[in-house]
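Coordinate analysis (summary)
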Amino acid sequence: MANNRRPEIGSTIAIQKPVFNIILRRLQENGYQIIGPRVKNETLVYGSIENMDELPYGYITEQKAGAFRLIQADHKHYFDAIPGAQSWKQFLFPPCVDLFTLRKNGNGWEISNSKLDSPSYAFIGVRACELAAIQIQDNIFMRPDFADPTYRERRQRVFIVSVNCLAPAGTCFCASMGNGPRVKDGYDLNLTELDDVFLLTVGSELARSLLDGIEYEDASAFMLTTAERSIERAAQQMGRTLDTNDLPELVLKNLDSPHWKEIGERCLSCGNCTQVCPTCFCWDAVDQMSLDGKTTSRTRVWDSCFNPGYSYLAGGNTRPTISSRYRQWLSHKLGTWKEQYGTLGCVGCGRCITWCPAEIDLTEEIAALRKETR
Amino acid sequence: MAALQTTAISISQTNHLLEPNWAEITAITNETSDVSTYWLKFVDPSMQAGYSFKPGQFNMIYVPGFGESAISISSDSEDRDKIGHTIRFVGNVTRAISRLKIGDIVGLRGPFGSPWPVQEMEGKDIFIACGGIGLPPLRPVIYHIMHHREKYGKVTLLYGARTSGDLMYPTEYDEWRKADIDAQITVDRGDANWSGRVGVVPMWFYQFRLDARNTAVLTCGPEIMIRFVIYEALARRIPLENIFVSLERNMKCGQGSCGHCQLGPYFVCKDGPVFRFDALQPYFNVEEF
Amino acid sequence: MSSHKPTVAVHKFSSCDGCQLSILNMEDELLDLASAIDIAYFLEATRAEKPGPYDIAIVEGSITTPHEMERIKEIRSESKTLVALGTCATAGGIQALRNFANADDLASIVYAHPDYLHFLKTATPISEHVSVDLELWGCPVNKAQVIEVIVALLNHRKPNIPPYSVCMECKQRGTICVLVDKGIPCLGPATQAGCGAICPANGRGCYGCFGPYREGNPKSLSTTLQNIERYPGETARLFRGISGYAPSFRKTADAISANVKEAK
């Protein structure tokens, strides 16, 4: 089955699953650090992997509001476990980045900027919702008028192997958001996992070159049809739906709704939703000064609109109540984001639902808001 | 391999996030008991020569170990030799600034934000209503008008402070008046040192005739004052598009990236701090927004 | 920084000494610390004593005896700045469990001759007795935060003590939420950060030793926790732990108990 022809960009090939290890090895040979889903402490994380054996083969995840379980199931798939709390955000927009260190020098300060270099990451198993989230963060961190150097440095070297989702979880609603389960664009390789083979759609020249000389066949009509059907079935199996027809207007017209106060009773203001959200981008900068006051280092850290210091001003807090903070978060995600960046800020991954200890579900809150305003 | 393109996006830009430029404190003017103006000049002369700002814009001033604070520029935008910041000592960073001396070095990034529409207002009457620390971001407008007085109609400044001791720039009012700017000063509470108006800014509106078709209203100060100034302006049929407001929010980056200063769809640091009121109106009466 | 080295006194009240040990554990920073401040009184570290007044008093422990009530007032009067160090000093600590019971009964269980004891019926935070300038929570405190407080005091600024929840620290270090992932009761969402989220990182729930997250919602968290209790009354017990006497945790535990009684 060896094939000496390089597959064209846009074409879909079929490989035996173990052949994927050759692609991973070639990525490593090209200096990529492979990041993928893996099982750690009996749960699902994103971390470095060496080969396919470290992928969550045979696992699924069960997700509902406020609960996540990783379960060993009876299937032979590598990519059926829908991701957990972690997202690719932590690699492109790391939770903590050293910006620079200053040393006192007479009246002034000597600066040494931290090196921007990061590994070249190859992300394996990026879901359609996650790819949409990366594209949303591209809009935020790589604006034409301002690019965040730490993000840009990481982002421009990422190799993306995306995956069409075939077994969505209980809190998934990417179909409602128009992002999935089918991957649209922005990948180097897009993978669909059938029982016996991986289908790979080629998205970039680099991906093409990695496939040089590997054993593959062109995807047959049967394989393509099977893949299509599986994706369509997955679209029907979303655990949640969100009606986006009247968004963002629904939210923006109801900023005074009493419903926000009701959510404020339940919301913990813990910030979990913002930290697991793959599009949330707020950050803070903090200084750390040495005991002698002669050295100080500045660090960029993840922040959250639920944190008390977030909107703090000398005159007081702009958003002093939990309900005002929840409203800020949701009206940004599903409201004002559109005016800022041209899309909604939610991709339908469901993380904020799963990882909210208080089981707050934005799809339900939007439905409730809609019902109230009728 | 390097020559091959991935789907990743490339943008060429090579600065470091939040990297400050250094500026020296060349003079300090004490304004009130807790407000001073710090005059800064970039240490690098070419940077000073290349720096310009528009009235209403702000800088991020950085005191290493303490943090950065957004401070509006209160000096003359046509004076390219120095940059003035009138600072009230209320937070961690501003209190640290209060302990600095002439010759000390601070970090400076900027200018950021939207300016007052000084060009667009040419030919119009201008009514400036501000309170307390709301005057400093408007002083560059006053200087601009003084430089180009013939381009503007009737110009009025209605400025209020808590007490006479809290008034900013009292020694300049006469110069402004000489330049045909009707500077009207009021204090919330009178005292032995004060023989002028007593009462909050919006209260005095009734004494001024505003040509509704041809007046721009500029306001900055405590949010409650801004609110009433706008009510008064609207009651005088000033169109929303001719009312301009400068807002204050918690800011960390100045570049619309960190998220802190959001107000509805706006990043106040990037889309503001100066807003035309029609843009703000949908969010203006939403509490805690 | 002024040329005169500020004098610092470290005082101990009812406590396990663990917070003082956190200061002594600063091996890497101790030399710098000694050159930045003048340690005038610190019995755990040195017998040398310099008389007050002191610029900074660091107070560990809670007030549990009549004698301690007097002593804290003296310390306050001879200190410019008073820092309450650790959860005993800020909320009464674990010994404040007696506040929810009868202290005499407890004493008679523990001691053969309780009549020799002179103790108060309650263990209370320093702030119930004198004004406190700064509270640093933790059982024990995080030594990096102790340094930050000292650096901040030396430089006349507010210390950078994160005012948010422990959840933020879990997420920043990549810990997967034990509450959501494993159903382990965890006070993290209602607890102030600062510890670095150690317990969840080791597979345990947070037991709130850094005290209530001031803008948190312990009431709502108690509803969540009651749904996953491993034994009846676990949630109230969790809130009534090391920071149990802190007002918002106390109120939450009291409300749970009241509801349980009502249900019966």
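The rules behind each value
- Residues numbered from 1 in each chain as written.
- Chains lettered and ligands numbered in written order.
- Predicted model: local features only at pLDDT ≥ 70, side-chain atom pairs only at ≥ 80, totals over all residues.
- Helix = DSSP H or I, 4+ residues; strand = E, 2+ residues; numbered from the N terminus.
- Rg over C-alpha atoms; globule rule 2.2 N^0.38 Å.
- Buried ≥ 20, exposed ≤ 12 C-beta atoms within 10 Å, placed from the backbone.
- Contact = placed C-beta atoms within 7 Å.
- Pairing = 2+ DSSP bridges.
- Axes fitted to C-alpha atoms, helices over the stretch in contact; angles between N-to-C directions.
- Nonpolar A, V, L, I, M, F, W, Y, C, P; charged D, E, K, R; others polar.
- pLDDT = per-residue confidence, 0-100.
- Domains from an automatic or database assignment.
- Core = buried A, V, L, I, M, F, W, Y, C linked by C-beta atoms within 7 Å.
- Expected span 1.5 Å × (residues − 1).
- Arc of directions from axis to C-beta.
- Parallel < 35°, antiparallel > 145°, perpendicular 65-115°, else oblique.

The next subject is the overall build of chain C. The helix and strand tally for chain C stands at twelve helices and five strands. Here chain C has a C-alpha radius of gyration of 19 Å; the compact-globule value for 264 residues is 18 Å, and the two agree. Out of the 264 residues belonging to chain C, those deemed buried represent 50%. Considering only contacts within chain C whose residues lie at least 6 apart along the sequence, 72% involve residues at least 24 apart.

Right, let's get into the sheet that holds strand β3 (residues 58–63) of chain B. Residue and element names in this part refer to chain B. Reading across from one edge, β4-β3-β6-β1-β2-β5 is the order of the six strands in this open sheet, with antiparallel pairing throughout. Every interior strand has two partners, whereas the edge strands, β4 (67–72) and β5 (83–88), have only one. In this sheet, neighbouring strand axes are inclined to one another by 40° on average, regardless of whether the strands run parallel or antiparallel. Examined bridge by bridge, strand β1 (residues 21–32) and strand β2 (residues 35–42) share eight bridges and lie antiparallel to one another. If you follow A23 over to β2, its bridge partner there is F42.

Right, let's talk about the interface of chain A and chain B for a bit. Counting from both sides, the interface comprises 57 residues of chain A and, opposite them, 42 residues of chain B. When grouped by side-chain class, the residues that make up the side of chain A that touches chain B number 24 nonpolar, 19 polar and 14 charged.

Our focus in this paragraph is the confidence of the model for chain C. For any part of a model where pLDDT is low, the fine detail of the predicted coordinates should not be relied upon. Residue and element names in this part refer to chain C. A residue-level look at chain C finds 99% of positions with pLDDT of 70 or above and a mean pLDDT of 93. When mean pLDDT is taken per element in chain C, helix α4 (residues 87–91) scores highest with 98 and helix α2 (residues 27–36) scores lowest with 85. Among the prediction metrics, the complex's ipTM stands at 0.94, with pTM recorded as 0.94.

Residues and elements named next belong to chain A. If you trace the four strands from one edge of the open sheet to the other, you get β7-β6-β14-β13, paired in antiparallel fashion. The open sheet has two edge strands with one neighbour each: β7 (108–113) and β13 (283–289). Taking each pair of neighbouring strands and ignoring which way they run, the sheet shows an average axis angle of 25°.

Residue and element names in this part refer to chain A. Split into domains, chain A comes out as domain 1 (12–94 + 116–236) and domain 2 (249–283 + 303–373). When each unit is reduced to the centre of its C-alpha atoms, the spacing between domain 1 and domain 2 is 28 Å. At the interface, 25 residues of domain 1 touch 23 residues of domain 2. Those elements giving two or more residues to the side of domain 1 that touches domain 2 turn out to be α3 (128–141) and α5 (174–177). Here the residues of the side of domain 1 that touches domain 2 are counted per class, giving 15 nonpolar, eight polar and two charged.

A few words on the domain arrangement of chain C. Residues and elements named next belong to chain C. Examined at the domain level, chain C breaks down into domain 1 (7–154) and domain 2 (166–263). Once you take the C-alpha centre of each, domain 1 and domain 2 turn out to be 25 Å apart. Contacts between the two partners involve 15 residues from domain 1, matched on the other side by 13 residues from domain 2. With three residues, α4 is the single largest residue contributor to the side of domain 1 that touches domain 2. Of the residues belonging to the side of domain 1 that touches domain 2, the class tally is seven nonpolar, eight polar and no charged.

All right, on to the nonpolar core then. In terms of nonpolar packing, the biggest core is built from 268 residues, with A:A122, A:F123, B:I128, C:V59 and C:V83 touching the most fellow members. A total of nine residues in this core trace back to one element, the largest contributor, which is α3(A). Dropping the residues within four chain positions of it, A:A122 is found in contact with A:L27, A:Y32, A:Q33, A:I34, A:I35, A:F159 and A:V161.

Once that is clear, we can look at helix α12 (residues 247–263) of chain C. Residues and elements named next belong to chain C. Compared with an ideal rise of 1.5 Å per residue, which puts 17 residues at 24 Å, α12 spans 24 Å between its outermost C-alpha atoms and is within 8% of the ideal. For α12, every residue scored as buried is listed here: F249, R250, T252, A253 and I256. Seen along its axis, α12 keeps its buried residues to an arc of 165°; they face one direction. The outward face of α12, more than 90 degrees from its buried face, is lined by the exposed residues P247, A258, K261 and E262. Tucked inside the fold, the buried residues of α12 contact α10 (218–227) and α11 (234–239).

Quick look at the packing of helix α9 (residues 259–266) of chain A against helix α11 (residues 322–341) of chain A now. Residues and elements named next belong to chain A. Two elements in contact, α9 and α11, have axes whose closest approach is 8 Å; the angle formed by their N-to-C orientations is 110°. Between α9 and α11, the angle is such that the two are roughly perpendicular. On α11, the residues touching W260, K261, I263 and G264 of α9 are I322, S323, Y326 and R327. Partitioned by chemical class, the residues of the contact of α9 with α11 number four nonpolar, two polar and two charged.

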